[in-house]
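Results of the structural survey
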Amino acid sequence: METKINAEQSSLEAQELAKKLIASKKKAHEEAKYAMQNPQVQEVVQRLKKRNAERGTPIIRL
Amino acid sequence: MQNEEHPLLGYDFEFLGGLDNSYYFITKNEIVYEVKFKTSGYVFDKLPAIQSHTFEFIIEVIENPKGTAVPFDNMMRNTVAAIILDFFNHDKTVVIYVCDTSDARGMARFRKFNSWFSTHPAAAKFSKHDIGLMEVNETPFFASIITRIDNPLGRQVVWQFLELATQYNQPK
């Protein structure tokens, strides 16, 4: 009986955790739509574009 | 990571940081990507030593000026791998990748991520385990956990992650 209750509890916890992971993923997807409105992100993107233009390519040795 | 005989090529990227440890890069098709590592300590609430080192890996297109479908790009693998390597600066770091299945292309994205990972020269430094979780509406979603092979808590982390799938996929 106790084993069954523990198993059900673990299953519920796993479901909650999985739901959190999915919700986090969906939230991040939504946030990405507005990322370019962030001035700090705009600055980074401008810096990258400038470097890429000066180099003539966005590709570098990693 | 660098190999003098066959240097790895990829896109220039920049770390912005912030709450979500954000990185950015721009492709030859002018598509701007954001890569984030969101704090996800709640995944390992039974492993306090690893909580502050657990992050969810997110990759999103944040600007696509041409508005066309995102084409195959052979520079993506090395770029994403370089960013992940840059972020894995602590031996306890744990990264979780959840594959979104909301647009029915989740499996393709998951395969692509697996391909990037398995074919990269640095793959041997990491341990990766995958799980499939079946949602109530029968749409599966996929998740991977990546740890450094020298992570002192690696086995416990992986065990708990695999246990999540076992518990979640029990008949409801």
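Before any of the text, the structure's been laid out above.
The text that follows walks through the structure, step by step, so that each part is easy to find.

As a further point, take the interface of chain A and chain B. With 34 residues of chain A at the interface, the matching set in chain B holds 48 residues. Summed over both sides, the interface between chain A and chain B buries roughly 3800 Å², with carbon and sulfur atoms accounting for 63% of that surface. On the chain A side of the contact with chain B, Leu21, Lys25 and Leu62 of chain A bury the most area, a combined 22% of that side's loss. There are six salt bridges connecting chain A and chain B. Inspection of the chain A/chain B interface yields 13 residue pairs in polar contact (both at pLDDT 80 or more). Top element by residues in the side of chain A that touches chain B is helix α1 (residues 2-32) of chain A. It accounts for 17 residues. By residue class, the composition of the side of chain A that touches chain B is 18 nonpolar, seven polar and nine charged.

Here we take up the sheet that holds strand β4 (residues 32-39) of chain B. Residue and element names in this part refer to chain B. The strand order β2-β3-β4-β5-β6-β8-β7 describes an open sheet built from seven strands, whose pairing is mixed. Sheet topology places β2 (13-17) and β7 (126-134) at the edges, where each strand pairs with a single neighbour. Within the sheet, the average angular offset between the axes of one strand and its neighbour, ignoring direction, is 25°. Bridge count for β2 against strand β3 (residues 22-26) is four bridges, and the pairing is antiparallel. Paired with Gly17 across the bridge in β3 is Ser22.

Nonpolar side chains tend to gather and get buried jointly when the protein is soluble and globular. With 28 residues, the main nonpolar core has Val35, Phe37 and Phe57 of chain B as its most contacted residues. When residues of this core are traced back to their parent elements, those giving at least two are β3, β4, β5 (54-63), α2 (76-87), β6 (94-99), α3 (106-119) and β8 (140-148) of chain B. With five residues, α2 of chain B is the largest single contributor of residues to this core. Setting aside chain neighbours within four positions, we find Val35 of chain B in contact with Asn21, Ser22, Tyr23, Phe25, Phe57, Ile58, Ile59 and Ile83 of chain B. The next biggest cluster of nonpolar side chains, apart from the first, holds 23 residues, and it includes Ala14 of chain A together with Ile96, Val98 and Leu153 of chain B.

Residues and elements named next belong to chain B. A complete count under the given rule lists 14 aromatic pairs over all chains for this structure. A centroid spacing of 4.8 Å and a plane angle of 85° characterise the contact between Phe55 and Phe87, whose relative ring orientation is edge-to-face. Of this pair, Phe55 sits in strand β5 while Phe87 sits in helix α2, and the two are 32 residues apart along the sequence. Here Phe55 falls in the buried class, since its relative accessible area comes to 11%. Centre to centre, the rings of Phe57 and Tyr97 are 5.6 Å apart; their planes meet at 70°, and the pair counts as edge-to-face. Placement of the pair is Phe57 in strand β5 and Tyr97 in strand β6, with a sequence separation of 40 residues. As far as burial versus exposure is concerned, Phe57 and Tyr97 are alike and both buried. Three or more aromatic residues joined by ring pairs make a cluster, and in this case those are Phe13, Phe15, Tyr23, Phe37, Phe55, Phe57, Phe87, Tyr97 and Phe113. Taking the ring centre of Phe117 as reference, the NZ or CZ of Lys128 above it sits at 5.7 Å.

What counts, and where the lines are drawn
Residues numbered from 1 in each chain as written. Chains lettered and ligands numbered in written order. Predicted model: local features only at pLDDT ≥ 70, side-chain atom pairs only at ≥ 80, totals over all residues. Heavy atoms only, no water. Contact = heavy atoms within 4.5 Å. Buried area = accessible area lost by both parts, 1.4 Å probe. Salt bridge = Lys/Arg side-chain N within 4 Å of Asp/Glu carboxyl O. Polar contact = N/O pair within 3.5 Å; in protein donor to acceptor, adjacent residues only side chain to side chain. Helix = DSSP H or I, 4+ residues; strand = E, 2+ residues; numbered from the N terminus. Nonpolar A, V, L, I, M, F, W, Y, C, P; charged D, E, K, R; others polar. Pairing = 2+ DSSP bridges. Axes fitted to C-alpha atoms, helices over the stretch in contact; angles between N-to-C directions. Core = buried A, V, L, I, M, F, W, Y, C linked by side-chain atoms within 4.5 Å. Buried < 20%, exposed > 50% of the residue type's maximum accessible area, 1.4 Å probe, protein only. Phe/Tyr/Trp six-rings, centres within 6.5 Å; stacked < 30°, edge-to-face > 60°. Lys NZ or Arg CZ within 6 Å of the ring centre and 35° of its normal.

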